[in-house]
Amino acid sequence: MAQVYITRVVAEDIRLDFNTLASTARHHLQKFSGEQLQAVVILFHGQEKLVKRRIGLDNCGYYKKFWLLKGIKMVEPRREFYFQWHLTDKCNLQCQHCYQDNNNLELNLTEKLKIVEVITQALRKWGMKGRVSLTGGEPFLDKDLYSVLSALESQPEIGQINILSNGTLITTSLTQRLHEFKKIKEVQISLDGARQGTHDKIRGEGSFSRTLNGIDLLLEKGTAVTIMFTLWKENIAEVPALVDLVIEKKINAFTVERLVPCGNGRQLKDKILAPNELKKVYEYINERAECESFMSSGVRVRRSRPLWINTCGDVEEGASKGIGGFCPIGLSALAILPDGTVLPCRRLEIPLGNILTDGLYKIWYTSELLWRVRNKNNLKGKCNGCSNMPYCGGCRAIAYYLTGDYMGEDVQCWK
């Protein structure tokens, strides 16, 4: 009988926690059952009966907290849930690959504060801390931004606030205002090239110099800055120079996201990288990340994402370094649009409901999509049964827009 290991804890970084759970379970499984690991389920405290019923575990043996079993030692991680909240669709740029449709939808302040209340009530009930990223559009165009920041700052259930911006509207006075909010831990800035020509072609004339100026102002104020680079055929050649720029400016963290052809970018399917092209980029970044000059710079490369584990010859060693990770859809994250619509991920545009009319409990516990994604046996194509699945699982948005099935295989995988 297949053993299904269940933990009650949702981790601070669910991708890293899932890696640890799956790796440890696989290592010790032979001692307990002689069976291959079939699933690792991450769930919220007090929901095991619901989970058992929904994924058909009534006839399976399971352990409630497998790390207490003989031979397994694990430190219980801090509980955290992530919300990516798009306050507005308004933006001062028109990026070629943007996932927004520029509908200019926006709630009033009373409705936005109600969302803060719904979020904090859910976190309180779950006994979790919230990490909220405020974005847009361009968040600094939202007239209610500081009111929402104040509301989030005052809630004990909110542990961290991030802002995701294009960086072009940042001024000295703005950085001083942001510094008043102690829960703002980082500002993520989108940079799609190391040179003006490349970045401006993608994001608009003059945006490169204004973005770099915004980055410099934030760093001067002591604000942690993350660079988010959307990788596609238009900027693949910029990767080496961009890594150099990140090191030169002593950026706190560097994130590479793959182009997902949705929103305004839905016509760009032919611009995504072929598997071998993506493999070369990821391997190059891995090599640079291991160099002494990079490590001494203090820059962190965030590689706890799908497909990164495929760059590692020794999968277990790579996972121990935080390379590779599961998509948090259905596990520890949701996206909220400017009108309150909730998505499983901003890049997976399949509405789950509306936070103002449905609340979070109905969405989280009754969505068929979320239940399907939580059961990794539902994955299709090369993702199903992949030996690296505990550290990957592919991108569900990439699968959806390129195969028509969010449970389909990640077509950019080279394994």
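Worth saying up front: this structure is predicted, and the values here are computed from it rather than measured. (Residues numbered from 1 in each chain as written. Predicted model: local features only at pLDDT ≥ 70, side-chain atom pairs only at ≥ 80, totals over all residues. Heavy atoms only, no water.)

## Some words on the pairing of strand β6 (residues 158–165)
Now for step 1: With 7 of 8 residues buried, β6 lies mostly within the body of the structure.
Now for step 2: Across 5 bridges, strand β5 (residues 129–135) lies against β6 in parallel orientation. Of the residues in β6, the one forming a bridge with S133 is N162.
Now for step 3: Read as a crossover between parallel neighbours, the route from β5 over helix α4 (residues 145–153) to β6 is right-handed.
Now for step 4: Relative to strand β7 (residues 184–190), β6 runs parallel, the two being bridged by 5 bridges. Within β7, the residue paired with L164 across the bridge is Q188. (Buried < 20%, exposed > 50% of the residue type's maximum accessible area, 1.4 Å probe, protein only. Helix = DSSP H or I, 4+ residues; strand = E, 2+ residues; numbered from the N terminus. Pairing = 2+ DSSP bridges. Right-handed = clockwise from strand over helix to strand, strands pointing away.)

## A look at the side chain of T168
Now for step 1: In this structure, T168 sits in the loop between β6 and α5 (172–178).
Now for step 2: One polar contact links T168 to N92, side chain to side chain, over a distance of 2.8 Å.
Now for step 3: Setting aside residues up to four positions removed in sequence, T168 forms contacts with N92, L93, S207, R210 and T211. (Polar contact = N/O pair within 3.5 Å; in protein donor to acceptor, adjacent residues only side chain to side chain. Contact = heavy atoms within 4.5 Å.)

## As for the packing of aromatic side chains
Now for step 1: All chains considered together, the criterion is met by 10 aromatic pairs.
Now for step 2: On the basis of an interplanar angle of 80 degrees and a centroid distance of 6.0 Å, the ring pair of Y282 and W414 is categorised as edge-to-face. Remark: W414 occurs in the segment after α14 (396–403) and Y282 occurs in helix α9 (residues 275–289); sequence separation between them is 132 residues. W414 shares its class with Y282; the two are buried.
Now for step 3: Taking the centre distance of 5.0 Å and the plane angle of 75 degrees together, the rings of Y400 and Y401 count as edge-to-face.
Now for step 4: Look at Y400 and you get partly exposed, because its relative accessible area is 27%.
Now for step 5: Accessibility expressed as a relative area gives 14% for Y401, which makes it buried.
Now for step 6: Taken together, the aromatic side chains of F81, F83, W126, Y361, W364 and Y365 make up a single cluster linked through ring pairs.
Now for step 7: In this arrangement the basic side chain of R374 is found over the ring face of W364, its NZ or CZ atom lying 4.6 Å from the centre. (Phe/Tyr/Trp six-rings, centres within 6.5 Å; stacked < 30°, edge-to-face > 60°. Lys NZ or Arg CZ within 6 Å of the ring centre and 35° of its normal.)

## A closer look at the environment of S387
Now for step 1: Looking at the element boundaries, S387 is found in the loop between α13 (368–374) and α14.
Now for step 2: The exposed category is assigned to S387, whose relative accessible area is 51%.
Now for step 3: Residues S387 and V315 lie 72 residues apart in sequence; the distance between their C-alpha atoms is 9.7 Å.
Now for step 4: Among the polar contacts listed, one links the side chain of S387 to the side chain of K415, at a separation of 3.2 Å.

## Remarks on the pairing of strand β4 (residues 80–86)
Each regular strand carries side chains that alternate between the two faces of the sheet.
Now for step 1: Across the 7 residues that make up β4, a large majority, 7, are buried.
Now for step 2: Across the two faces of β4 the burial is the same, with E80, Y82, Q84 and H86 and F81, F83 and W85 all buried.
Now for step 3: Taken together, the 7 bridges between β4 and β5 define a ladder with parallel strand orientation. Looking at the pairing, Q84 lines up with S133 of β5.
Now for step 4: One ladder, built from 4 bridges, connects β4 with strand β11 (residues 333–336); its direction is parallel. In the strand pairing of β11, Y82 is matched with A333.

## Thoughts on the packing of helix α3 (residues 109–126) against helix α12 (residues 359–366)
Now for step 1: Close contact between α3 and α12 brings their axes to 8 Å; oriented N to C, the two are set at 60 degrees. As summarised for this structure, α3 and α12 are arranged oblique, according to the angle between their axes. Residues V118, I119, Q121, A122, K125 and W126 of α3 form the contact with α12, whose participating residues are L360, Y361, W364 and Y365.
Now for step 2: The residue inventory of the contact of α3 with α12, partitioned by class, reads 8 nonpolar, 1 polar and 1 charged. (Axes fitted to C-alpha atoms, helices over the stretch in contact; angles between N-to-C directions. Parallel < 35°, antiparallel > 145°, perpendicular 65-115°, else oblique. Nonpolar A, V, L, I, M, F, W, Y, C, P; charged D, E, K, R; others polar.)

## Some points on the sheet that holds strand β8 (residues 225–231)
Now for step 1: The strand order across the open sheet formed by 10 strands is β10-β9-β8-β7-β6-β5-β4-β11-β12-β13, and the pairing between neighbours is mixed. The outermost strands of the open sheet, each flanked by one partner alone, are β10 (300–302) and β13 (353–354).
Now for step 2: The pairing of β8 with strand β9 (residues 253–258) spans 6 bridges and is parallel. Paired with L231 across the bridge in β9 is R258.
Now for step 3: α3 rests against β4, β5, β6 and β11 of the sheet, and its axis sits at about 170 degrees to β4.

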